[in-house]
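One-letter residues, chain by chain:
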Amino acid sequence: MVEGRVLTAAILADLAWGEPPAGWHPVVHAGRLLEAGHGDRREASPIGQFSRGAAVLFGVVLLTAIGARAVERAAGRRGWIIAALALKPTFSLRQLVFEGRSVGSALSRHDLPGARRGLRALVSRPTDAMTESQAASAAIESMAENLSDSVTAPWFYYALFGLAGAAVYRVVNTADAMFGYRGEMEWWGKAAARADDVLSWIPSRLTALALVLAAAVAEGPLAGKSALAGWRADHGQTQSPNAGHPMAAMSGALNRRLEKRGHHALGERRPDPRPEDVERAARIVMVGAGIVAGGAMALICLGRRR
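This one's a predicted model, so the numbers in the text were calculated from it and none came from an experiment.

Visitor: Can you explain the pattern of salt bridges? Please cite residues and give values.
Guide: Scanning the entire structure with this criterion turns up 17 salt bridges. Where Asp-14 meets Lys-88, a salt bridge forms, and the shortest distance between an N and an O atom there is 3.2 Å. You can see Asp-14 sitting in helix α1 (residues 2-17) and its partner Lys-88 sitting in the loop between α4 (80-87) and α5 (94-108), a full 74 residues away along the chain. For Asp-14, a relative accessible area of 1% corresponds to the buried category. Judged by relative accessible area, which is 5%, Lys-88 ranks as buried. Residue Arg-120 pairs with Asp-128 through a salt bridge whose shortest N-O separation is 3.0 Å. Of the two residues, Arg-120 and Asp-128, neither departs from the other in class, the shared state being exposed. Within this structure, Arg-101, Glu-219, Arg-256, Asp-277, Glu-279, Arg-280 and Arg-283 form a network of salt bridges that share partners.

Spelled out as structure tokens, the structure:
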């Protein structure tokens, strides 16, 4: 089963080495193509901006899919290591957990300025005025949400559609992060934002389920039950139709209130998170990733049998 070997090797490469240098990272180059294609964002009406944004996204997605399929064909059945190295940049588990744990470590040392700086690798919101509990909350939320965007979704689409599926998802998600729902850039990024909402719908819910199971394994059955209750109660509290699912499950798993000021508060009656809760969240994310990997392998096996 070549696909299973490819995914396994890619995961091991990520855990061993993390992210490739920016100059060699395909996602960085995809981002540059997206940026170059948008040109002057002030030049068109909302309809014109939407049309151009959609056309640029489609063009980069098409090039990505063609390139990914070409790599798979060139690698063939015996070149699974090459395919694994091509798959690796579409997801990031080690870096996600490393950045989250770095914030937790800084908070444990009472280094709030260092924690705020570390959060810039995880969140796009301003961090300079965050309190200790807000910084812990942001790190925990980001690890939970990005387990879906940066791990589950690429693995899910690889299991369904091969390297092209994982690569196309990564391009769409990158475009959404760059342009989606961003003030004056909203119409430029609306196609990317809507496409990302659709593509992330199933992975976000699978991630929440994985976190429920992971909480039961890492923290005990009561934590799993609390994660399920938190998921059911609070998944609709966020502006995003998808991000609330894994974040609400994590809030319940930790029995902690996760808040983004001015936007949402998940588990509003729970205690605020403490520095040690960031490490707890990291452990749950790692166990959850293992569960997701097992599900992806099962999906690959099911597809091969069909």
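Picking up after the structure, the text goes on.
Visitor: Let's hear about the environment of Leu-57: which residues, and what values?
Guide: Locating Leu-57 in the fold gives a position in helix α3 (residues 46-75). Its relative accessible area of 8% is what places Leu-57 among the buried residues. Taking the C-alpha atoms as reference points, Leu-57 and Asp-176, 119 residues apart in sequence, are found 9.9 Å from one another. Discounting chain neighbours no more than four positions away, the residues touching Leu-57 are Leu-34, Val-172, Ala-175, Ala-191, Ala-192 and Ala-195.

Visitor: Quick rundown of helix α7 (residues 132-161)? Include the residues and the values.
Guide: An ideal rise of 1.5 Å per residue puts 44 Å on 30 residues; α7 measures up with 42 Å between its terminal C-alpha atoms. Of all the bends in α7, the greatest measures close to 40° and is centred on Asn-146. Across the 30 residues that make up α7, a large majority, 25, are buried. Taken from the residues just after α7, Gly-162 is the one with a positive phi, measuring 80°.

About the cut-offs
Residues numbered from 1 in each chain as written. Predicted model: local features only at pLDDT ≥ 70, side-chain atom pairs only at ≥ 80, totals over all residues. Heavy atoms only, no water. Salt bridge = Lys/Arg side-chain N within 4 Å of Asp/Glu carboxyl O. Helix = DSSP H or I, 4+ residues; strand = E, 2+ residues; numbered from the N terminus. Buried < 20%, exposed > 50% of the residue type's maximum accessible area, 1.4 Å probe, protein only. Contact = heavy atoms within 4.5 Å. Expected span 1.5 Å × (residues − 1). Bend = angle between axes of the 7 residues up to and from the residue.

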